[in-house]
Amino acid sequence: MGVSFKPVFNRNNTKTKKGVYTILLRVTIDREIRFFNPKLPKLESKYWQGRENKWVKDSHPQNHLFNKALMDRMSELQEYVNKLHFLDRPITFRQLSEFFERKGDKESFNDYIDHYLKITKFKSPNTRKKYNTFKRHISEFNPKIKFKELGEGLILEYRDFLLSKGLVGSTVTKYFDPFKKIARHALKNDYLIRDPFFEVRLEVPISVVKRTALTIAEIEALVKLKFKKKEEQYLELHRDLFVFQCLTGLYYSDVRGLTAENFINSEAGLLLVSERFKNGYRYIVPLYKFPEAVRLLNKYKAENSPLVFPTVVDQAFNRALKIIGPMAKIEKVLYNKVGRHTFCELLISKGYPREYVAKMAGHQNSKTTKTYFDISTSHFINELSGFGAVDLFKSI
C-alpha cells in the first residue's frame, strides 16, 4: 500500500483580496487523495517555493517555524504509518485524519488521557469524576509518560505510589479501571503494540470493608433531637434529610432529585420508585413500611416546586451531620454514606432476603449486596436462631 505526504500551497489556485493563502498537506493512499489542514498561518505567494524541507523561502522572517512545523506533522504521520505497517493494519484516511487532528504529543500517554476524556460520553457524572481523579493521580505520579514506557514496571510503580498516598486496596483497584480502559482504547487505535496490562498481576492488598451504620436507638435519638437555639435551627433540615436517607437507602444526590412522580400509591401503600443517580439502576422502596419516612415526606413536599425536598450543598450537608451526631449523643461519625449503610443493615436485621435488599438499595451488582450480609452481625444472629446452644453442663 503506497502512502505519501506533500505540502501544497493555494490548492485551488485562487486569488484573494488579502493575497494570502492556506498551506495544506496532500495525503495519498494508493493514488486516492485527501487534504489535511495543519492549521498554519496563511502565507503570501511570494514566500512559497515548494522545495522539499524548504517550502517557505528564507526571505520570510518565520521560514524556519513554517518549515519545521510541516516536517514535524509529516514525520508524525509517517511514523504512524510505519507502525500500522508493522502491525499489519489497513491504512485508511479516517485513521490518519483522527491521528492528525488529535492535539498534544502523539507519543504521550498523559496527552492521550486528555483526548480520551474529551471524546468520551460518560454514563454518569460520577464516572467522569472517577476518570478525572485518575488523571490527577497519574499526572502527580508522572506527568510525562510515553506510550513506550507503559509496561509492568511502570504499572506496579503506580500501584505503589497510590498505596503510599494512604489509599486502601479497593480504592487503588478502582482507579486502575480507567487506566486499563484508556490504555486499551489506545491499543485499539494503534498507539500501543501490545496490551501493557497483559499478564500483569497487581496483587493489591484488599482490606476488610468497614461500614458505619446506626442502630434503631440511634435513629430514634436523631428524630427526637430538638434544635432550640436560633443558630441551630438550620440543622433540622439536614437532620431530616439524613433520617430519610436511613429509611430509604438513598444517597443525598438521589434525595435531592426526587419529585412527586417518584411516589406511587399502591394497594399495599406508598412506594418510592426511581433510578439511582450513580448508575441509573432502578430501585423500589416500600415507604409504607417506614412511617417516619412518610411523615418527613409530608412535612417537606412543596406545592409550588417540582422537587420534594429543599436542596442543600453536599459539603454543607456533611458538615452539618458532623455537628448533629454529637448533639444526639452518637459517637459514630455521620456522613452521607452512613444513611445508606444504615438502611441496608435495618433490612437485614428484619430478615429481608438478599434479592429484596438489592432491589430496594438499587444494587447493580449482587456482590455489593452480599458484602452487606457477610459483615452484618444481625444476619449472622438471624441465621443461628434455629440452632440450639451448646451447654456443657445442662445434661449433667
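As a starting point, this report considers the structure included with it. Remember, predicted model here, so these are calculated numbers, not experimental data.

**Section: the packing of aromatic side chains**
Okay, so step 1: This model, assessed by the stated rule, comprises 27 aromatic pairs.
Okay, so step 2: Ring geometry for F9 and W48: centres 5.3 Å apart, planes at 15°, overall stacked. Of the two residues, F9 sits in strand β1 (residues 3-9) while W48 sits in strand β6 (residues 48-51), which places them 39 residues apart along the sequence.
Okay, so step 3: In this structure W48 comes out as buried when scored by relative accessible area, which is 16%.
Okay, so step 4: Directly above the aromatic system of F99 lies the positively charged group of K106, at a separation of 5.3 Å from the ring centroid.
Okay, so step 5: Lying over the aromatic face of Y251, R340 brings its terminal NZ or CZ to 5.2 Å of the ring centre.

**Quick look at the pairing of strand β9 (residues 270-275)**
Okay, so step 1: The buried fraction of β9 is high, at five of six residues.
Okay, so step 2: When strand β8 (residues 263-265) meets β9, the two strands line up antiparallel, connected through three bridges. When the sheet's bridge partners are listed, F263 is paired in β9 with L272.
Okay, so step 3: Taken together, β8 and the strand that follows it, β9, pair antiparallel across an intervening segment of four residues, in which G269 is found at a positive phi of about 150°.
Okay, so step 4: Connecting the antiparallel pair β9 and strand β10 (residues 282-286) is a turn made up of six residues, with G280 showing a positive phi of about 75°.

**Overview of the pattern of salt bridges**
Okay, so step 1: Tallied over the entire structure, the rule returns 21 salt bridges.
Okay, so step 2: Put simply, E76 and K106 hold a salt bridge, and the shortest N to O gap is 3.5 Å. Here K106 lies in the loop between α2 (93-101) and α3 (109-119) and E76 lies in helix α1 (residues 63-86), a separation of 30 residues in the sequence.
Okay, so step 3: Classification of K106 as buried rests on a relative accessible area of 5%.
Okay, so step 4: As a salt-bridge pair, R239 and D240 come within 2.6 Å of each other at their nearest N and O atoms.
Okay, so step 5: Taken together, the shared-partner salt bridges in this structure form one network comprising E236, R239, D240 and K299.

**Section: the packing of helix α4 (residues 125-141) against helix α6 (residues 169-188)**
Okay, so step 1: With their axes 9 Å apart at the nearest point, α4 and α6 run at an angle of 85° to one another. In terms of orientation, α4 lies roughly perpendicular with respect to α6. Where α4 approaches α6, its residues K130, Y131, T133, F134, H137 and I138 are matched on the opposing element by K174, Y175, D177, P178, F179, K181 and I182.

**A few points about the sheet that holds β10**
Okay, so step 1: Pairing within the open sheet is antiparallel, and its three strands lie in the order β8-β9-β10. Taken across any chain shown, the strands that pair with only one partner, and hence form the sheet edges, are β8 and β10. Within this sheet the neighbouring strands show an average axis-to-axis angle of 25°, counted without direction.
Okay, so step 2: With five bridges joining them, β9 and β10 adopt antiparallel strand pairing. The partner of E275 across the bridge, within β10, is R282.

**Looking at the environment of L214**
Okay, so step 1: By the element assignment, L214 lies in the loop between α6 and α7 (216-224).
Okay, so step 2: Its relative accessible area of 3% is what places L214 among the buried residues.
Okay, so step 3: Through-space distance from the C-alpha of L214 to that of C246 is 8.3 Å; in sequence the pair is 32 residues apart.
Okay, so step 4: L214 has contacts with I219, L222, F242, C246, I330, K332, L334, V338 and T342, leaving out every residue within four places of it along the chain.

**Topic: the sheet that holds strand β3 (residues 23-29)**
Okay, so step 1: Pairing is antiparallel across the open sheet formed by three strands, whose spatial order is β1-β3-β4. Of all strands in the sheet, those with a lone pairing partner are β1 and β4 (32-36), marking the two edges. Neighbouring strand axes in the sheet, compared pairwise and without regard to direction, differ in orientation by 25° on average.
Okay, so step 2: Where β3 meets β4, five bridges bridge the pair, whose relative direction is antiparallel. Within β4, the position partnered with L25 by the bridge is F36.
Okay, so step 3: This element, α1, spans β1, β3 and β4 of the sheet and lies at about 160° to β1.
Okay, so step 4: Its contacts with the sheet place α2 against β1, β3 and β4, and it is angled at close to 15° to β4.

**Considering α2**
Okay, so step 1: Those residues of α2 lying buried are F93, Q95, L96, F99 and F100. All buried residues of α2 lie within an arc of 160° about the axis, which places them on one face of the element.

**Overview of the packing of α1 against α2**
Okay, so step 1: Interaxial distance between α1 and α2 falls to 11 Å at its minimum, and their mutual angle equals 135°. In terms of their interaxial angle, α1 and α2 are classed as oblique. Considering the relative orientation of α1 and α2, their crossing is right-handed. Judged by residue contacts, R73, E76, L77, Y80, V81 and L84 of α1 engage Q95, L96, F99 and F100 from α2.
Okay, so step 2: Tallied by class, residues from the contact of α1 with α2 come to seven nonpolar, one polar and two charged.

Rules of the game
Residues numbered from 1 in each chain as written. Predicted model: local features only at pLDDT ≥ 70, side-chain atom pairs only at ≥ 80, totals over all residues. Heavy atoms only, no water. Phe/Tyr/Trp six-rings, centres within 6.5 Å; stacked < 30°, edge-to-face > 60°. Helix = DSSP H or I, 4+ residues; strand = E, 2+ residues; numbered from the N terminus. Buried < 20%, exposed > 50% of the residue type's maximum accessible area, 1.4 Å probe, protein only. Lys NZ or Arg CZ within 6 Å of the ring centre and 35° of its normal. Pairing = 2+ DSSP bridges. Salt bridge = Lys/Arg side-chain N within 4 Å of Asp/Glu carboxyl O. Axes fitted to C-alpha atoms, helices over the stretch in contact; angles between N-to-C directions. Parallel < 35°, antiparallel > 145°, perpendicular 65-115°, else oblique. Contact = heavy atoms within 4.5 Å. Arc of directions from axis to C-beta. Left-handed = near helix turned anticlockwise from the far one by under 90°. Nonpolar A, V, L, I, M, F, W, Y, C, P; charged D, E, K, R; others polar.

Treat this as a map of the structure, not an account of what it does.
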